[in-house]
Amino acid sequence: MTTPTPPSSGTDREKIAGQVPLDDVLAHLRMSRPIFHSEADLQHGFARAIWEVAPDVRSRLEVPIRRDDRAEYLDALCLGPAGRTAIEFKYVTRRWSGTAGTPAEDYDLRNHGAPDVARRDFVRDVERLERFCDQGDQNGLALLVTNEASLWNPQPPGRARTRDDEFRIHQGRTLTGTLLWAEGTYAPNTRVLRGEYPLAWRSYAQLGGVGGEFRCLAVFVNPMPEQT
């Protein structure tokens, strides 16, 4: 099992709305919400934590971004005096049942399975944020919270190549360039990243039992000028 690397303090580009360090939000959030019922629950809990840490930063959920006469939706947009942050969330779980949080709640998480699809979707979020973050005062954040250890662990040595091999998001991997699904045999899943993103997983919560360890992966995306 790999050990998550403590994140660096970072720059203003690695803060939410130019002023709130992600680690401050996560530390505040995990005190009452070490676990979530669903991805929507994570979104609402995260937005509330931002407001409690920095009341002058406003969070808007499911924000339409209109381009070329069509709309795509951001999971969240955080607005503050120092800037804006577009956020895409992913919450991928394996089965876990128990009581957690303050006040205590009962949780019964389902097993999502398909970690290859989870990897594909996280990389797609990073690519989308590169398109959305085209202004100097806006950055992006792709945030994944999970108790699925296969996402943060590398593939064991000697295993055969998998269709999502180039989409691996384990500790220490760097995402960049053109990523091919199944060696390019399924073009719709090809993703092209203009930035370079070293991946460092953070510890989030330890709840005990099988599947009780939760970690999160955060990728910040700096403003990307539109290509012509």
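### Details of the overall build of the protein chain
- Across its full length, the protein chain carries 4 helices and 12 strands.
- The globule rule puts the C-alpha radius of gyration for 228 residues at 17 Å, and the 17 Å found for the protein chain is close to it.
- Across its three principal axes, the protein chain shows a C-alpha extent of roughly 50 × 50 × 35 Å.
- In the protein chain, of all internal contacts separated by at least 6 residues, the share reaching a separation of at least 24 is 61%.
- Of the roughly 11000 Å² of accessible surface on the protein chain, a fraction of 49% belongs to carbon and sulfur atoms.

### What about the pairing of strand 7 (residues 105-109)?
- Pairing of strand 6 (residues 96-100) with strand 7, which is carried by 5 bridges, proceeds in the antiparallel orientation. Bridging from a neighbouring strand, Gly98 pairs with Tyr107 of strand 7.

### A few points about the packing of aromatic side chains
- All told, the structure shown has 5 aromatic pairs when counted by the stated rule.
- Here the aromatic rings of Phe36 and Tyr91 are separated by 5.8 Å at their centres, their planes lie at 85°, and the arrangement is edge-to-face. Of this pair, Phe36 sits in the loop between helix 1 (22-32) and helix 2 (39-53) while Tyr91 sits in strand 5 (residues 83-92), and the two are 55 residues apart along the sequence.
- Seen in terms of ring centroids, Phe167 and Trp181 are 5.3 Å apart; in terms of plane orientation they differ by 75°. Their pairing is edge-to-face. Taken together, the residues Phe167 in the loop between helix 4 (149-152) and strand 9 (174-179) and Trp181 in the loop between strand 9 and strand 10 (191-198) connect sequence positions 14 residues apart.
- Since its relative accessible area comes to 0%, Phe167 is described here as buried.
- A connected cluster of aromatic rings, assembled from ring pairs, spans Phe36, Tyr91 and Tyr204.

Calculation rules
The residue count restarts for each chain, going from 1 along the sequence in the order it is written. Residue-level local features of this predicted model are given only where pLDDT is at least 70; pairs of side-chain atoms are given and counted only at 80 or more, and the full residue set underlies all totals for whole chains, interfaces and linings. Values reported for side chains reflect all heavy atoms of the structure, with hydrogen atoms and water molecules removed beforehand. Each helix is a run of DSSP H or I of at least 4 residues and each strand a run of E of at least 2, with the numbering of both proceeding from the N terminus. Computation of the radius of gyration draws on C-alpha atoms, with the globule rule given as 2.2 Å multiplied by the number of residues to the power 0.38. Any pair of residues with heavy atoms lying within 4.5 Å of one another is described as a contacting pair. Each accessible area is a Shrake-Rupley result for a 1.4 Å probe, and residues are judged covered by the shown protein chains and nothing else. Strand pairing requires that DSSP identify at least two bridges connecting the strands. Classification of ring pairs rests on two measures: the distance between centres of Phe, Tyr or Trp rings, Trp counted by its six-membered ring, which must be within 6.5 Å, and the angle between planes, read as stacked under 30 degrees, edge-to-face over 60 and tilted in between. We call a residue buried when its accessible area falls under 20% of the maximum for its residue type, exposed when it is over 50%, and partly exposed in between, using a 1.4 Å probe and counting protein chains only.

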